[in-house]
Amino acid sequence: MTRPSGTLVFSSAFDAFDVWRDALHAHLPDLAIVDASEVADPASIHYALAWKPPEGFFDKMVNLRLIINLGAGVDSLVGRRDLPAGVPITRITDPQMARMMAGYVLFATLRHAREIPFFEQAQRRGEWAYRHPRSPETIRVAVLGLGELGALAAMELQRQGFTVLGWSRSPRQIDGVQCFAGIETLDTVLEQADILVVMLPLTTDTRGLLDRERLSRLPQGAALINVARGALVDQAAMTDLLREGHIGSATLDVFAQEPLASTDPLWAMENVLITPHLASVAIPSSSARQIADNIVRVSRGEAPANQVDPSRGY
Ligand SMILES: NC(=O)c1ccc[n+]([C@@H]2O[C@H](COP(=O)([O-])OP(=O)(O)OC[C@H]3O[C@@H](n4cnc5c(N)ncnc54)[C@H](OP(=O)(O)O)[C@@H]3O)[C@@H](O)[C@H]2O)c1
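Note that this is a predicted model, so its numbers are computed, not measured. (Residues numbered from 1 in each chain as written. Predicted model: local features only at pLDDT ≥ 70, side-chain atom pairs only at ≥ 80, totals over all residues. Heavy atoms only, no water.)

Draft legend 1. Structural context of the sheet that holds strand S11 (residues 247-252). Reading across from one edge, S8-S7-S6-S9-S10-S11-S12 is the order of the 7 strands in this open sheet, with parallel pairing throughout. Only two strands of the sheet have a single partner each, and these edge strands are strand S8 (177-181) and strand S12 (272-274). Strand-to-strand, the axes of this sheet are offset by a mean angle of 15 degrees, without reference to chain direction. In the packing of helix H3 (residues 95-113) onto the sheet, contacts are made with strand S6 (140-144), strand S9 (195-198), strand S10 (222-226), S11 and S12, and the angle to S11 comes to roughly 155 degrees. With respect to the sheet, helix H5 (residues 148-159) is in contact with S6, strand S7 (163-168) and S8, its orientation differing from that of S6 by roughly 170 degrees. (Pairing = 2+ DSSP bridges. Helix = DSSP H or I, 4+ residues; strand = E, 2+ residues; numbered from the N terminus. Axes fitted to C-alpha atoms, helices over the stretch in contact; angles between N-to-C directions. Contact = heavy atoms within 4.5 Å.)

Okay, structure coming up:
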């Protein structure tokens, strides 16, 4: 087995450098792993493991061989002006990350399906407010995006007995999930979504995809779960529709601007649950192996796995 040497730089304001360094060293003992703050000469860097690095971060990294996005969504990376030409970009597609995401989606779906917000509000009024539970197969859950994360979430929802629809760019097949593909089928999917789960990457094709008109196609009182990116949805239209009750409730982990402004009306809405972009995260112990494998591949002159297609945007 090749033991690549060289230097990897780490940059993330959200992740612990020491934990990632130790996890990677277990697989790559000869690699120097440095925090971005320690880099004196960018030309000494061969590999970059980064999540939203500062503008200009890649400038002068003339010997860079691989960029590893420290996460699944690459939207903040692919459009940057400082990306060195021809250097492959990979992202983390870790089964544990998919499981964590599926857990969040399941929690949020069950919360809406079992009308938990209604009971929370009744409890605050000291009210025994019986509502007969609906059987899961009578509830249609549509998952937009059937990639690494969306496909597992759709399977877990199907296992819970929901009627699950899925939507992607190219045709997919998932047992027990009614799959649709292409923009021309989107309205059909939205019109059937009692609960809509957004799991799409943010690209030039998907930015603003869920505009006022499309959100209005959801059945009256539908629930919305956005765990992908805020800019996929017209946030002002969504807020209006939540206020009017056309969208009955929402679980929102992502926003067009993060952190969400303290003055934003969404904070005070009783039918909205807000979490600060943490539905799923990259886990060092389980992701280190695939990062190491890719570094080995690149050091041997081979193409890395899980490459992002910059022209497609994901
Ligand atoms: N909130 C969080 O904590 C968190 C954590 C991780 C990731 N995320 C977000 O989740 C997103 C999805 O992650 P993933 O790993 O599942 O992505 P992925 O593996 O790249 O899959 C993307 C899915 O979206 C579909 N898609 C892309 N463009 C489309 C279009 N124009 N029309 C219809 N379908 C389209 C793809 O279709 P094809 O199957 O045809 O390619 C694929 O099914 C990430 O991009 C990221 O933004 C959020």
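Draft legend 2. Molecular detail of the site of the ligand. Not every one of the 31 residues close to the ligand is listed here, only the nearest: Arg-91, Leu-149, Ser-170, Arg-172 and Tyr-314. Arg-169 places a polar main-chain atom, nitrogen or oxygen, 2.9 Å from a nitrogen atom of the ligand. In isolation the ligand has 950 Å² of accessible area, and contact with the protein removes 94% of it. Of all the secondary-structure elements, those providing two or more residues to the shell around the ligand are H3, H5 and S7. It is H5 that contributes the most residues to the shell around the ligand, 3 residues altogether. Looking at which domains feed residues into the shell around the ligand, each of domain 1 (7-94 + 282-299) and domain 2 (95-274) supplies at least three. (Near = heavy atom within 4 Å. Polar contact = N/O pair within 3.5 Å; in protein donor to acceptor, adjacent residues only side chain to side chain. Areas by Shrake-Rupley, 256 points an atom, 1.4 Å probe, with all protein chains shown as cover. Domains from an automatic or database assignment.)

Draft legend 3. Representation of the packing of helix H1 (residues 17-25) against helix H9 (residues 284-299) within the structure. Where H1 contacts H9, the two axes come as close as 9 Å, and the packing angle between them is 50 degrees. Comparing the axis directions of H1 and H9 gives the class oblique. Of the two possible hands of crossing, H1 and H9 adopt the one that is right-handed. Contacts between H1 and H9 involve Val-19, Trp-20, Ala-23 and Leu-24 from the former and Pro-284, Ser-287, Ala-288 and Ile-291 from the latter. Partitioned by chemical class, the residues of the contact of H1 with H9 number 7 nonpolar, 1 polar and no charged. (Parallel < 35°, antiparallel > 145°, perpendicular 65-115°, else oblique. Left-handed = near helix turned anticlockwise from the far one by under 90°. Nonpolar A, V, L, I, M, F, W, Y, C, P; charged D, E, K, R; others polar.)

Draft legend 4. The arrangement of the side chain of Glu-115 in detail. If you trace the backbone, Glu-115 turns up in the loop between H3 and helix H4 (116-124). Polar side-chain contacts of Glu-115 include one of 2.4 Å to the side chain of Arg-131. Not counting chain neighbours up to four residues away, the residues in contact with Glu-115 comprise Leu-110, Arg-131 and Arg-134.

Draft legend 5. Expanded view of the pairing of strand S3 (residues 47-50). Burial along S3 is two-sided: Tyr-47 and Leu-49 facing one way and Ala-48 and Ala-50 facing the other are all buried. With 4 bridges connecting them, strand S1 (residues 7-11) and S3 associate as parallel partners. Its bridge partner lying in S3, Ser-11 is registered against Ala-50. The pairing of S3 with strand S4 (residues 66-69) spans 4 bridges and is classified as parallel. What sits directly across from Ala-50, in S4, is Asn-69. (Buried < 20%, exposed > 50% of the residue type's maximum accessible area, 1.4 Å probe, protein only.)

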